[in-house]
Amino acid sequence: MITLITGATSGIGEQLARKYANLGDTVIACGRNTQKLMQLAKHDNIEACEFDATDLQAIKSATIAYPHFDRVILNAGNCEYVDDARNFDSSLFTRVVTTNLLSMGYCLDALLPKIKSGGQLVLVSSSVTYLPLPRSEAYGASKAGVSYLAKSLAVDLNDVDVTLVHPGFVKTPLTDKNDFPMPMAVSAQKAAEYIVSGVNKRRKEVHFPYRFTLILKCLRILPLPLWLKLAKGLSR
């Protein structure tokens with residue numbers, strides 16, 4: 001099988017690339033870090049594919065040699081927090097939404113037509129979409145868009161299975177910058193195991209770690225005013 005993975009040069013994406021390659025897939029590892037891509041390509045089953053996921057023509061040019069894929073995993077993303085909502089930073093907002101959401105549209109434009117009938121499309125969102133959280137105006141909004149996009153695609157695509165991934169906290173170079181506790185955080189390797197297992201079962205949603213995401217799913221049942229009161233306490 002041929003599996004293309006964006007954001008494959010670190011964190012969850014890198015672990016997914018290594019895991020699928022070890023399982024025997026031909027993995028097209030995509031990203032912008034040339035050095036890391038070359039390291040990944042030392043694996044017999046991994047091919048490097050360098051492009052910026054926010055550049056449609058770059059995606060099309062870089063993948064022109066591949067006529068089809070069995071599985072496409074759109075995982076590339078970034079996280080920046082809004083530290084002062086009263087003085088909203090539109091540049092930060094634009095960067096995050098472009099990287100996390102608009103890039104999905106560009107990748108779908110270039111890659112979705114190449115997914116074979118009966119193939120799979122996987123979009124990696126975040127459990128932040130379950131509840132509004134402090135400082136998450138940009139990141140949460142972008143990931144909420146990803147989740148809605150995946151659900152709509154699942155309605156409209158008849159010959160491609162869509163899986164939406166909602167990870168909890170995952171220990172990666174990106175989250176190493178977080179200055180707050182990350183309850184029940186899992187390693188990137190463990191996250192990849194959760195995702196591969198769920199995708200192999202063709203689940204519509206994969207969320208993990210289950211205890212953490214189930215807590216969030218229960219909390220979102222609360223009336224919004226009550227949750228806002230609780231969330232404001234978290235931000236102090």
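The sections below set out a description of the structure shown in this document. (Residues numbered from 1 in each chain as written. Predicted model: local features only at pLDDT ≥ 70, side-chain atom pairs only at ≥ 80, totals over all residues. Heavy atoms only, no water.)

## Thoughts on the packing of aromatic side chains
Then, number 1: In total, this model carries five aromatic pairs according to the counting rule given.
Then, number 2: Summarising the aromatic geometry, the rings of phenylalanine 88 and phenylalanine 93 are spaced 5.5 Å apart at their centres and angled 55 degrees between planes, so their arrangement reads as tilted.
Then, number 3: For phenylalanine 93, a relative accessible area of 28% gives the class partly exposed.
Then, number 4: On the numbers, 5.4 Å between centres and 85 degrees between planes, the contact of tyrosine 194 with tyrosine 210 is edge-to-face. (Phe/Tyr/Trp six-rings, centres within 6.5 Å; stacked < 30°, edge-to-face > 60°. Buried < 20%, exposed > 50% of the residue type's maximum accessible area, 1.4 Å probe, protein only.)

## Quick word on the environment of valine 162
Then, number 1: Turning to its location among the elements, valine 162 is positioned in strand S6 (residues 161-167).
Then, number 2: Overall, valine 162 belongs to the buried group, its relative accessible area being 4%.
Then, number 3: Put simply, valine 162 and cysteine 218 are 56 residues apart on the chain and 24 Å apart in space, counted from C-alpha to C-alpha.
Then, number 4: Once you skip the residues sitting within four places of it in the chain, valine 162 turns out to touch Leu121, Ala150, Leu153, Ala154, Leu157, Arg203 and Lys204. (Helix = DSSP H or I, 4+ residues; strand = E, 2+ residues; numbered from the N terminus. Contact = heavy atoms within 4.5 Å.)

## Considerations on the pattern of salt bridges
Then, number 1: For the structure shown, the criterion picks out twelve salt bridges.
Then, number 2: For arginine 18, the salt bridge identified is with glutamate 14, shortest N-O distance 3.2 Å. Within this pair, arginine 18 and its partner glutamate 14 are both found in helix H1 (residues 11-22), separated by four residues, close to a single helical turn.
Then, number 3: Between lysine 116 and aspartate 70 there is a salt bridge whose closest N-O contact spans 3.0 Å. Placement of lysine 116 in strand S5 (residues 115-124) and of aspartate 70 in strand S4 (residues 69-74) is noted, with a sequence separation of 46 residues between them.
Then, number 4: A relative accessible area of 12% places aspartate 70 in the buried class. (Salt bridge = Lys/Arg side-chain N within 4 Å of Asp/Glu carboxyl O.)

## Some thoughts on the sheet that holds S4
Then, number 1: Strand order in the open sheet formed by seven strands is S3-S2-S1-S4-S5-S6-S9, with parallel pairing between adjacent strands. Edge positions in the sheet fall to strand S3 (46-50) and strand S9 (205-208), since each of these pairs with one other strand and no more. Each strand axis lies, on average, 15 degrees off the axis of its neighbour in the sheet, ignoring direction.
Then, number 2: Across the sheet, helix H4 (residues 90-111) is in contact with strand S1 (2-5), S4 and S5; its angle to S4 comes to roughly 170 degrees. (Pairing = 2+ DSSP bridges. Axes fitted to C-alpha atoms, helices over the stretch in contact; angles between N-to-C directions.)

## Focus: the side chain of serine 125
Then, number 1: Note on placement: serine 125 falls in the loop between S5 and helix H5 (137-156).
Then, number 2: The exposure class of serine 125 is buried, given its relative accessible area of 3%.
Then, number 3: A distance of 2.9 Å separates the side chain of serine 125 from the backbone oxygen of lysine 143, its partner in a polar contact.
Then, number 4: For serine 125, the side chain forms a polar contact with the side chain of serine 147, separated by 2.8 Å.
Then, number 5: Leaving out residues up to four positions away in the same chain, serine 125 has contacts with Lys143, Val146, Ser147, Leu164, Val165, His166 and Pro167. (Polar contact = N/O pair within 3.5 Å; in protein donor to acceptor, adjacent residues only side chain to side chain.)

## Topic: the pairing of S6
Then, number 1: Burial of S6 is extensive: six of the seven residues sit out of reach of the surface.
Then, number 2: Pairing analysis gives five bridges linking S5 to S6, with the strands arranged parallel. Within the sheet, the bridge partner assigned to valine 124 lies in S6 and is valine 165.
Then, number 3: In the sheet, S6 pairs with S9 via four bridges, with the strands oriented parallel.

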